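# Notes for the structure review
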Amino acid sequence: MSSPPRATDISPESPRHRGVEELCEEFVAVCESAVHPLEIAGALEFDGWTDHALRNSFGASDVFTLAEVMYRRVPRRPAEPPPQPDLWRTTRWRPALHSLLYGSPAVCFTAAAGLLAGPGASTVVIVSLLVSWALSQGLAYLGYLRLGSGVPGQAERVLLTALSAGLTAVLAAISVVSVVASAGMPVLVFGVAMGSYMLGATVLLVLGAERQVLLALSPGVLGATAFLLLGRPSHLEHATWATLSATPLLAVGLALARTIRAVGPVRWAKLLSVTDVRKALPSAGFGLVAGGLLLFPVAVATPAHGAGSASALLALLPLTLSMGAAEWLLVWFRRRTQRAMRSTHNLRVFASRARLLLAAAVLQYLIMTMLLTAAVLAVVTGSRMLHPHWTTLQQIATYLTIGCSLFVSLLLNAFDSRIVPVIAGTAALAVEIACHIRRLDNQICVGMVLLAALAAYAAAVLGSAARHAS
Amino acid sequence: MITEGTYPHQFGGVSVWCDQIIRGMPGYDFHLVALVGTGSEPVVWDLPGNCSLTTIPLWGIPPASPRKGQRGGHRAGQRRVFPSRLVHRLIQALLDPPLLDPPLLDQAKLDPSTHAQSRFADVLFELFSYAQQANLSSVLSSTRAVRLLSEAWQDRWPHAHQLMPTVHDAVTALQLIEHCLRPLSHAPVQADVTHVSTNGLGALPALAAKWQHDTPMVVSEHGIYLREQYLHSPSLPYRWAVKELYLGFLRQLCALAYHEAETIAPCNVYNRRWEERLGADPARIRTVYNGVDPANFPMADREPDKPTISWVGRIDPIKDLETLLSAFAIVHEEMPQARLRLFGSPPKGREPYLERCKEMVTELGIDDAVAFEGHTSKVREAYQAGSIVALSSVSEGFPYSLIEAMTCGRTCVATDVGGVTEAIGDTGLVVPPRNPARFADACLTLLGDEELRRKYAAAARARALEFFTIDSAISKFDEIYGFLAARHPLPSVEAAQ
């Protein structure tokens, strides 16, 4: 080589006298998918084409001019993007496990009947359930919100603070109610323990630690089951209560351990803001109203029907179990509506498909809950644990309408419509209370009206594609 | 200064540049506005004392509505804007003129005076005014907005068409625009000058400051933001209509930023082509080359014993190591004692590329002559490890690795992309990209001629010290800031360059 080439005399490897046609062919994928001539210009440059090289080969003044020619020449036939990962994938065992986790504490109630004999027991239990449902709904909302933001450690932080605050609230509320209802110490301890378990288990469930909830439940559930199977021998009563107490302690302990480990050293002041509390309020309100609707029949039942006995709560068991099914159906509804969004071009068509899916979801929930009710009845009626009042057709139908209403409310909550379910539920509860005072028994009518109202509202809201933004 | 996904949360060329400017100008107070993902990214740079930081997350939980009386975005006498009308106008500005229709293509040329651009500017200003007082995010994610976009699309494709967007596309497109526009909901920064480190979404806070406080703006550019977005486009998980709307938004935003900026300060002359194409006024473009601190890169004293090619950078497909490796295989055949040393590591997610490169080395049978040295903190020694320094990239802005190597007195062989020819000038060899044969030729020429190498090396260092020092970059920005803060137009010097 006699004289070194200089940076300034660049030419392509050989003057490639090719037609633009050939270049279009080479860049056909880019041209077909391009949204603007500049996108083709970028691709040409990326491939090493400079203005200089293009001038030599095609006589185009620059990359941009040639890109425009190519954009015009090749019609748009973009490739579809590859299928996206399914955000709502779930396994079938998870909802079943959740059903089990929600339902199994029922055994503990039955075994603890001896503890809850004193005055004011049912009041304390009902208040404890109401408070802890309200708090755990609010807590779960905050937790999921932070999990959704994708910032590691943030969900744990907010859960830890909310858990501490929730435990304090449960303790305070139960203490006050126990004094007012002149309940004994065992009842107070049971109420606090139940509330604490609910909060601890909620934290663990939000964090996806089902196994730890199972671990926490096992001593109480196994102890209680053994106690019941042995025919409630009185000498084992205290031992059983000891195993029962292990469950809330474990649940709270595991929840604290899991959150504290992830949190690390942080400033406590910034953990739970006023905005957070305000955001959690509708969810907490929903927990309270849902609890009110479910417990109202128990609270107003006459002593002859087993009121005052905690075993009346067994009547709620089918609905408790059905919450696992509700979670699964929620995911089913999400996946189906996402699919419908990708396959429809018209908003009206989408709206009617979404409404059909909503109806299908509610119907599936109803069928599953009826099956669960039948199963529970088969077991409970045989063992005579439940007063026949709770197994009348009317009572079962009442619970089914409330269950469906709660399912629709959960769907609405999941699509960020949280206020209307609370208002509707509160109104229904108010009507039920008013009717009860006037000695009218029309819980089933109220339940049906509530269901119809919520379903109509859901059909309106969930028909809007904007709600389905993922 | 405004950054997007770079300083102070990420490492890389743009971050180095930001850090150099802020540290190099202790006489100025910098307020850094960093557009980030979720807002939880850790700050990985030590911020200098003259710099404060605001982060604007584009993702995660949307910004809350401003409280009444908190912001002053409303200009006196401005008419009330109805949100759905605003969304309608935004959609019209983004979809029109329809590029699909070839006869209309000519109208779509990006002339700053076109109707389309001024309409986009008006809409963006209205969106800003609205976002300062109310919740823009909720407007853009409303049922109404989805319906407006759907209808607009249906007007465009009244019949079944392959491009026909789905309901999902409408929702996705609006979500993207909502995230992009989040900076408009934040209170504009008050400063004497806003400096946008890269065009694109970073221009939004600068435009906001301009509208609110009449702050002059400088737009810098390393790679071309828009070009990089287009190159990235095939990997976006969206359908065509969504991409068209999203990239159309970014294109119009970039064009508007060029139009509104008092000064455009690209890091190389090559960038001007794209800037002018997007309607930038050539008189306002003032190239400011990246610079290095010569104290960190002293003249290398001696060459390695064996003829060695050194490469320094991120192991990334954009660096086109395939060409370098194929070229080296040719070099090795002619000059069996030649060695190739690659310094650098792959960024997260690019590890398979490194593996591919290693496999290629084995296939080419040059295992004994090629060494992957991994990441090095002693970059200077990496340049000195080579008799020459190579850069085979398919896209570059104004690569630090070249000007650092030149400052060390190393001759470079590089591909003709971005600002490479401007950096090397006639102190090294530049060859077309993706051309191993030419690349090998250039390497062999230099490796085989010590005298030529020495001549180039001295020239390279002289050139770097003259044009590409940090001091020279800083004094140029000092001058620009001074003129803009005093509201004087910058004297035109570009013609002389």
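The structure presented is a predicted model; accordingly, all values stated were derived computationally and were not measured.

## Examining the overall build of chain B
What chain B contains, in helices and strands, is 19 helices and twelve strands. A compact globule built from 497 residues should have a C-alpha radius of gyration of about 23 Å, and chain B, at 25 Å, falls within 12% of that. Taken along the three principal axes of its C-alpha coordinates, chain B extends 75 × 55 × 45 Å. The proportion of buried residues among the 497 residues of chain B is 51%.

## Topic: the overall build of chain A
Looking only at helices and strands, chain A features 18 helices and zero strands. Relative to its length of 470 residues, chain A is extended, with a C-alpha radius of gyration of 31 Å against a globular reference of 23 Å. In terms of its C-alpha atoms, chain A occupies a principal-axis envelope of roughly 110 × 50 × 40 Å. Among the 470 residues that make up chain A, the fraction classed as buried is 47%.

## What to know about the sheet that holds strand 12 (residues 429-431) of chain B
All names here are of chain B. Spatial ordering of the open sheet is given by 9-8-7-10-11-12, a layout of six strands whose pairing is parallel. In this open sheet, the two edge strands, each paired with only one partner strand, are strand 9 (370-374) and strand 12. With strand direction ignored, the average angle separating the axes of adjacent strands in the sheet is 20 degrees. In the sheet, strand 7 (residues 308-312) pairs with strand 8 (residues 339-343) via five bridges, with the strands oriented parallel. Of the residues in strand 8, the one forming a bridge with Trp311 is Leu342.

## Digging into the environment of Gly386 of chain B
Residue and element names in this part refer to chain B. Note that Gly386 resides in the loop between helix 14 (379-384) and strand 10 (388-391). When the C-alpha positions of Gly386 and Glu303 are compared, they lie 7.0 Å apart, and in sequence the two are 83 residues distant. Setting aside residues up to four positions removed in sequence, Gly386 forms contacts with Pro304, Thr308, Ile309, Ser310, Arg341 and Arg410.

## Some points on the packing of helix 8 (residues 121-149) of chain A against helix 10 (residues 185-206) of chain A
Residues and elements named next belong to chain A. Relative orientation of the contacting elements helix 8 and helix 10 amounts to 20 degrees, with a least axis distance of 9 Å. Between helix 8 and helix 10, the angle falls in the class roughly parallel. Regarding helix 8 and helix 10, the two cross each other, and that crossing is right-handed. Where helix 8 approaches helix 10, its residues Ala121, Val124, Val125, Ser128, Val131, Ser132, Leu135, Ser136, Leu139, Ala140, Gly143 and Tyr144 are matched on the opposing element by Val187, Leu188, Gly191, Met194, Gly195, Met198, Leu199, Thr202, Val203 and Val206. Its residues assigned to classes, the contact of helix 8 with helix 10 comprises 15 nonpolar, seven polar and no charged.

## Points about the interface of chain B and chain A
Every contact between the two is made by 58 residues of chain B and, on the other side, 43 residues of chain A. For the side of chain B that touches chain A, the secondary-structure elements that each account for two or more residues are helix 3 (102-105), helix 6 (143-156), helix 7 (167-180), helix 9 (225-232), helix 10 (240-260), helix 16 (420-424), strand 12 and helix 17 (436-447) of chain B. At six residues, helix 10 of chain B tops the list of elements feeding residues into the side of chain B that touches chain A. A per-class count over the side of chain B that touches chain A returns 28 nonpolar, 19 polar and eleven charged.

## Describing the packing of helix 8 (residues 203-213) of chain B against helix 10 of chain B
Residue and element names in this part refer to chain B. Where helix 8 meets helix 10, the axes come as close as 10 Å, and the angle between the chain directions of the two elements is 45 degrees. With respect to their mutual orientation, helix 8 and helix 10 come out oblique. Along this stretch, helix 8 crosses helix 10, giving a crossing that reads as left-handed. Of the residues in helix 10, those in contact with Ala203, Leu207 and Lys210 of helix 8 are Leu253, Ala257 and Glu260. Residues that form the contact of helix 8 with helix 10 fall into these classes: four nonpolar, no polar and two charged.

## Quick word on unusual backbone geometry
The omega torsion across Tyr7 of chain B and Pro8 of chain B is -5 degrees, close enough to zero to call that bond cis. Its identity is not glycine, yet Asp416 of chain A carries a phi of approximately 60 degrees, on the positive side. Classification of Asp416 of chain A by C-beta neighbours within 10 Å gives exposed; the count is 10. Although it is not a glycine, Arg439 of chain A adopts a positive phi angle of roughly 60 degrees. According to the C-beta neighbour criterion, Arg439 of chain A is exposed, with 6 such atoms within 10 Å.

## Topic: the nonpolar core
Residues Leu127 and Cys443 of chain B are the most contacted members of the largest nonpolar core, which totals 294 residues. Setting aside anything within four residues of it in sequence, one finds Cys443 of chain B in contact with Ile309, Ala327, Val331, Ile388, Ala390 and Val413 of chain B.

## Examining helix 16 (residues 393-414) of chain A
Compared with the 32 Å implied by 1.5 Å per residue over 22 residues, the 31 Å span of helix 16 of chain A between its first and last C-alpha is a close match. At the C-terminal side of helix 16 of chain A, Asp416 of chain A shows a positive phi close to 60 degrees.

## With respect to helix 2 (residues 83-95) of chain B
Residue and element names in this part refer to chain B. End to end, helix 2 covers 18 Å across 13 residues, agreeing with the expected 18 Å (1.5 Å per residue, within 8%). What helix 2 keeps buried is the set Leu86, Val87, Leu90, Ile91, Ala93 and Leu94. The buried residues of helix 2 occupy an angular sector of 160 degrees when the element is viewed end-on, so they sit on one face. Its buried side turned inward, helix 2 meets helix 4 (115-133), helix 5 (136-140), helix 6 and helix 10.

## Description of the domain arrangement of chain B
Looking at the assigned domains, one finds that chain B contains domain 1 (2-284) and domain 2 (294-468). On the domain 2 of chain B side, the residues contacting the eight residues of domain 1 of chain B number seven residues.

## Some thoughts on the domain arrangement of chain A
All names here are of chain A. When cut into domains, chain A gives domain 1 (20-73), domain 2 (93-272) and domain 3 (311-470). The centre of domain 2, based on its C-alpha atoms, is set 25 Å off from the matching centre of domain 3. Taken together, the contacts link ten residues of domain 2 with twelve residues of domain 3. When residues of the side of domain 2 that touches domain 3 are traced back to their parent elements, those giving at least two are helix 6 (93-103) and helix 7 (105-111). If one sorts the elements of the side of domain 2 that touches domain 3 by residue count, helix 6 sits on top with six residues.

## Observations concerning the environment of Ala457 of chain B
When you line up the elements, Ala457 of chain B lands in helix 18 (residues 450-467). As for Ala457 of chain B and Tyr383 of chain B, which are separated by 74 residues in sequence, their C-alpha atoms are 12 Å apart.

## Concerning the confidence of the model for chain B
All names here are of chain B. Looking at chain B as a whole, its pLDDT mean stands at 88, while 91% of the residues score no less than 70. For chain B, per-element mean pLDDT is lowest for helix 3, which scores 42, and highest for strand 4 (residues 194-196), which scores 97. For the stretch residues 68-78, pLDDT sits under 50, and the model shows 13 contacts to residues farther than four places along the chain or on other chains. Scored by ipTM, the complex comes to 0.86, with pTM at 0.85.

## Thoughts on the confidence of the model for chain A
In this model, chain A carries a mean pLDDT of 86, and residues with pLDDT of at least 70 account for 91%. Every residue in residues 1-17 of chain A scores below 50 in pLDDT, and together they form 29 contacts with partners more than four places removed in sequence or on other chains.

## As for the environment of Ile177 of chain B
Residues and elements named next belong to chain B. By the secondary structure assignment, Ile177 is in helix 7. Spatially, the C-alpha atoms of Ile177 and Phe249 are 7.9 Å apart, while their sequence positions differ by 72 residues. Beyond its immediate stretch of four places on either side in the chain, Ile177 contacts Leu140 and Phe249.

## Details of the pairing of strand 10 of chain B
Residues and elements named next belong to chain B. Side chains Ile388 and Ala390 project from strand 10 onto one buried face, and the interleaved Val389 and Leu391 project onto a second face that is buried too. Strand direction decides the pairing type here: strand 7 and strand 10, joined by two bridges, are parallel. Note on strand 10: the bridge partner recorded for Ile309 is Ile388. In terms of strand pairing, strand 10 meets strand 11 (residues 411-415) through four bridges, oriented parallel. Across the sheet, the residue bridging to Ile388 is Thr411, located in strand 11. As for the winding sense of the linkage, the β-α-β connection from strand 10 through helix 15 (residues 400-407) to strand 11 is right-handed.

The rules we used
- All residue numbers here refer to positions counted from 1 along the written sequence of the relevant chain.
- Note on labels: chains are lettered from A, ligands numbered from 1, in written order.
- In keeping with the predicted nature of the model, local features appear solely for residues at pLDDT of at least 70, side-chain atom pairs appear and are counted solely at 80 or more, and the whole-chain, interface and lining totals rest on all residues.
- Numbering goes from the N terminus for both helices and strands, where a helix is a DSSP run of H or I of at least four residues and a strand is a run of E of at least two.
- The atom set for the radius of gyration is the C-alpha atoms, and the globule formula is 2.2 Å times the number of residues raised to the power 0.38.
- Our exposure labels follow a C-beta count within 10 Å of each residue's own C-beta, placed from the backbone: buried means 20 or more other C-beta atoms, exposed means 12 or fewer, and partly exposed covers the counts in between.
- Strands are treated as partners if at least two bridges between them are detected by DSSP.
- Angles run from 0 to 180 degrees between N-to-C directions of axes, and those axes are lines fitted to C-alpha atoms, restricted for helices to the stretch in contact.
- We call two residues in contact whenever the C-beta atoms placed from their backbones are within 7 Å.
- Roughly parallel refers to an angle under 35 degrees, roughly antiparallel to one over 145, roughly perpendicular to one between 65 and 115, and oblique to any angle outside these ranges.
- Handedness of a crossing is defined here by the sense of rotation of the near helix relative to the far one, left-handed for an anticlockwise turn of less than a right angle and right-handed for a clockwise turn.
- Throughout, the ten residues Ala, Val, Leu, Ile, Met, Phe, Trp, Tyr, Cys and Pro are labelled nonpolar, Asp, Glu, Lys and Arg are labelled charged, and all others, Gly among them, are labelled polar.
- Among buried residues, those of type Ala, Val, Leu, Ile, Met, Phe, Trp, Tyr and Cys that are joined through C-beta atoms within 7 Å form a set called a nonpolar core.
- What a helix should span is 1.5 Å times the count of its residues minus one.
- This arc is taken over the directions from the axis of the helix to the C-beta atoms.
- Delimitation of the domains relies on an automatic or database domain assignment.
- Values of pLDDT, the confidence the predictor places in each residue, fall between 0 and 100.
- Handedness rule for crossovers: strands pointing away from the viewer, path from the first strand over the helix to the second running clockwise, crossover right-handed.

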